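Structural description and commentary
For reference, the chains in residue letters:
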Amino acid sequence: MPDSKDNEMTYEACMAELRQTVSKLSEGKATLDESLQLYERGVELVAICENKLNEVTARIEAVNKANGTTDPLNISETGV
Amino acid sequence: MFDFDSVSRLNGYIKQSLADNPYLAEFSVVGEISQYTVSSRDHAYFSIKDDQSLINCVIFSRARSQLKIEPEVGMKVKVYGGLDFYGPNGKLQIIATKIEEKGAGDLHEQFNKLFKKLQDEGLFDSAHKKPIPILPRRIGVVTSSSGKVIADIVNTIRKRNPHHDILLYPASVQGEECPPEVISGIRYFNDTKNVDVIIVARGGGSFEDLFCFNDEGIARAVYASEIPVISAIGHEPDYTIIDYIADVRAATPTAAGEMVIASYDDQSKEIDNLALNLDISINQFIDSRRKALDVYKNHKALHSPAYYAMEQKAVVSELKTKLDALSGSAVKQAASDVNEIKVRLDALNPGNVLKRGYSYVCDNEGKAIETVMSVKKGDNVSIVLSDGTLLSEIKDISN
């Protein structure tokens, strides 16, 4: 399972590590144990990246300068 | 109250009033050319302005042909002429008779001055540019809350990745309120740290409309921002100071939306591909190891100890066949040699000579007598013919 350190990683960092893991594994130069470890880490990273890609919630808001809150912004009101 | 019974009558009166005013009938005024177009009849229609005001002008072809300069946008000029009110379209304009250059226009001068100052300070250096995250959790946008720009950005971002959060900081994007509001937007996001990237955007407009983004305060706020800033002011050819300071400059607000968001589909595909490669790689790795192992596992030497013996036997057998083949030909060669010798021997056989009527003489021991000196009178000798032998006695010797 991904640990908390993984959750703090940016999406870019996760993708970079995933790419590196795949390329190391595909070189085929690692030992069997190392290769299995790389594979496990790769599978873990795929899950983290997918989670990160899907976790944001698509909220469209505007800052309310009067009280500093953020309120939903209705884009249709802006004329489109 | 005077009652004009038609627009034409009102416009006619305005025209006459202007013509009657000596200050407006003939004057000169200094301004910066902000538009300049030449008609097919070689008249030039243009406008001049300062920080706050603008007036339209026309110079007709005859006066234009007398000009010593070629007026262009941004040029600071002194225009000589008189004011005219053109009734059919209700347009007030200066009919210019002469245009003189007064040096570069104020706004352009301001721009160049600030540009050089900030450039000299190194604020445009690429070393200061921050990378734009491809999957920001939330995108801050500083722009007007009314108008097409925020809608364009939201729609573009949604199209590329429907999962993104967007937070608008409403700000004026024109006039005196623009710099302080844009600056507080950038600061707000930096203070709250609630976005991963900031887009400062404004739709297209004239050089003057966009000029508030050539503001030193905005430039310094963008430079100081710890969050990457994308500028998207006006459209493709428009450049303002903020574009040089921002981490990335987008040609249009829509382009900014595209730039900040990696396509969800593209990212999703890449993750899938990497996951697939991961599986392929580990399988290939295991396969190659297994194959290497199989080569030894299936080796005959490991299955049957007699294998080498059999192999050696085969080698021996092959050698033997080769030897046999070789020895066979040696025998044939020998036989042919013998035959040849036999033919030669036949040719030399004395019997064959005797058959032709010759004979030879030998002593009692069968030894050939080759000279008369080796016999004497009374010796018995044998004369050998082809079909028998004549026993004879030597009666006499002559030579």
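Above: the structure in question.
My aim in this report is to walk through the structure given alongside it, one point at a time. In this text, all values refer to a predicted model and were calculated from it rather than measured experimentally. Per chain, residue numbering runs from 1 following the sequence as it is written. In the order they appear in the text, chains get letters beginning with A and ligands get numbers beginning with 1. In keeping with the predicted nature of the model, local features appear solely for residues at pLDDT of at least 70, side-chain atom pairs appear and are counted solely at 80 or more, and the whole-chain, interface and lining totals rest on all residues.

With respect to the overall build of chain B
- For chain B, the helix and strand inventory stands at 14 helices and 13 strands.
- Counting other C-beta atoms within 10 Å of a residue's C-beta gives its exposure: the residue is buried at 20 or more, exposed at 12 or fewer, and partly exposed in between, where C-beta atoms are placed from the backbone. Within chain B, the fraction of its 399 residues that count as buried is 26%.
- This entry defines residue contacts through backbone-placed C-beta atoms, with two residues in contact when those atoms are within 7 Å. Taking contacts inside chain B between residues at least 6 apart in sequence as the whole, the part at least 24 apart equals 62%. Segments assigned H or I by DSSP are reported as helices when at least four residues long, segments assigned E as strands when at least two residues long, and all are numbered from the N terminus.

Points about the packing of helix 2 (residues 11-27) of chain A against helix 11 (residues 264-297) of chain B
- Angles here are taken between N-to-C directions and fall from 0 to 180 degrees, while the axes themselves are lines fitted to C-alpha atoms, restricted in helices to the stretch in contact. Interhelical geometry of helix 2 of chain A versus helix 11 of chain B gives an angle of 25 degrees and a closest axis separation of 8 Å. Between helix 2 of chain A and helix 11 of chain B, the crossing angle belongs to the class labelled roughly parallel. Considering how the two elements wind past one another, helix 2 of chain A and helix 11 of chain B form a crossing that is left-handed. On helix 11 of chain B, the residues that touch Leu 18, Arg 19, Val 22, Leu 25 and Ser 26 of chain A of helix 2 of chain A are Leu 274, Asn 277, Leu 278, Ser 281, Ile 282 and Phe 285 of chain B.
- Residues are sorted three ways: Asp, Glu, Lys and Arg are charged, Ala, Val, Leu, Ile, Met, Phe, Trp, Tyr, Cys and Pro are nonpolar, and all the rest, Gly among them, are polar. Residue composition of the contact of helix 2 of chain A with helix 11 of chain B, by class: 7 nonpolar, 3 polar and 1 charged. Roughly parallel means an angle under 35 degrees; roughly antiparallel, over 145; roughly perpendicular, 65 to 115; everything else is oblique. Crossing chirality is assigned from the near helix's rotation relative to the far helix, an anticlockwise turn below a right angle marking it left-handed and a clockwise turn marking it right-handed.

Section: unusual backbone geometry
Residues and elements named next belong to chain B.
- Of note, the phi angle at Asp 42 is positive, near 75 degrees, even though the residue is not glycine.
- Among the structural elements, Asp 42 can be located in the loop between strand 1 (27-38) and strand 2 (44-49).
- Classification of Asp 42 by C-beta neighbours within 10 Å gives exposed; the count is 12.
- With a phi angle near 50 degrees, Lys 193 is a residue other than glycine that sits in the positive phi range.
- Among the secondary structure elements, Lys 193 is positioned in the loop between helix 6 (178-192) and strand 8 (197-202).

Focus: the environment of Ala 19 of chain B
- Take Ala 19 of chain B: it is sitting in helix 1 (residues 7-20).
- Distance from Ala 19 of chain B to Leu 83 of chain B, taken between C-alpha atoms, is 7.6 Å for residues 64 residues apart in sequence.

Considering the interface of chain B and chain A
- The interface of chain B with chain A comprises 36 residues on the first partner and 35 residues on the second.
- Elements that contribute at least two residues to the side of chain B that touches chain A include exactly helix 5 (148-160), strand 7 (165-170) and helix 11 of chain B.
- With 14 residues, the top contributor of residues to the side of chain B that touches chain A is helix 11 of chain B.
- Its residues assigned to classes, the side of chain B that touches chain A shows 20 nonpolar, 12 polar and 4 charged.
- Only strands that DSSP links by at least two bridges are regarded as paired with each other. Relative to strand 7 of chain B, strand 1 (residues 60-63) of chain A is paired through 3 bridges, and the arrangement is parallel. Along strand 7 of chain B, the bridge assignment pairs Ala 62 of chain A with Leu 168 of chain B.

With respect to helix 3 (residues 32-55) of chain A
- Each helix should span, by expectation, one fewer than its residue count multiplied by 1.5 Å. With 24 residues, helix 3 of chain A should cover 34 Å at 1.5 Å per step; its first-to-last C-alpha distance of 34 Å lies within 8% of that length.
- For helix 3 of chain A, every residue scored as buried is listed here: Ser 35, Leu 38, Tyr 39, Gly 42, Leu 45, Val 46, Ile 48, Cys 49, Lys 52 and Leu 53 of chain A.

Overview of the nonpolar core
- The term nonpolar core refers to a set of buried Ala, Val, Leu, Ile, Met, Phe, Trp, Tyr and Cys residues connected through C-beta atoms within 7 Å. Of all hydrophobic cores here, the largest spans 70 residues; its most connected members are Cys 49 of chain A together with Val 141, Ile 199, Ile 230 and Ile 242 of chain B.
- Here the element with the most residues in this core is helix 3 of chain A; it accounts for 7 residues.
- When near neighbours in sequence (up to four residues on either side) are disregarded, Ile 199 of chain B contacts Ile 139, Val 141, Ile 153, Ile 230, Ala 232, Ala 256 and Val 260 of chain B.
- Core analysis: the next-biggest nonpolar cluster, separate from the first, contains 14 residues, Ile 33, Phe 46, Ile 59 and Ile 99 of chain B among them.

Examining the sheet that holds strand 12 (residues 380-385) of chain B
Residue and element names in this part refer to chain B.
- Taken together, the 3 strands give an open sheet; going across it, the order is 11-12-13, and neighbouring strands pair in antiparallel fashion. The open sheet is flanked by strand 11 (360-362) and strand 13 (388-393), the only strands paired with a single partner. Across this sheet, the average inter-strand angle for adjacent strands is 30 degrees, counted without regard to direction.
- Here 3 bridges tie strand 11 to strand 12, and the two strands are oriented antiparallel to one another. What sits directly across from Val 361, in strand 12, is Ile 383.

Here we look at the pairing of strand 2 of chain B
All names here are of chain B.
- Of the two faces of strand 2, the one holding Ala 44, Phe 46 and Ile 48 is buried and the one holding Tyr 45, Ser 47 and Lys 49 is not buried anywhere.
- In this antiparallel pair of consecutive strands, strand 1 and strand 2, the connection spans 5 residues, and Asp 42 shows a positive phi of 75 degrees.
- Hairpin remark: strand 2 followed by strand 3 (residues 54-59), antiparallel, with 4 residues in the connecting loop.

Observations concerning the sheet that holds strand 1 of chain A
- Pairing is mixed across the open sheet formed by 7 strands, whose spatial order is 2(A)-1(A)-7(B)-6(B)-8(B)-9(B)-10(B). If you trace the sheet from one side to the other, it starts and ends with strand 2 (70-72) of chain A together with strand 10 (248-249) of chain B, each paired once.
- Two strands pair when backbone bridges link them, and strand 6 (residues 138-143) of chain B and strand 7 of chain B are joined in this way by 6 bridges, in the parallel orientation. Bridged to Thr 143 of chain B within strand 7 of chain B is Pro 170 of chain B.
- Sheet strands touched by helix 5 of chain B: strand 1 of chain A together with strand 6, strand 7 and strand 8 of chain B. Its angle to strand 6 of chain B, the strand with the most contacts, is close to 160 degrees.

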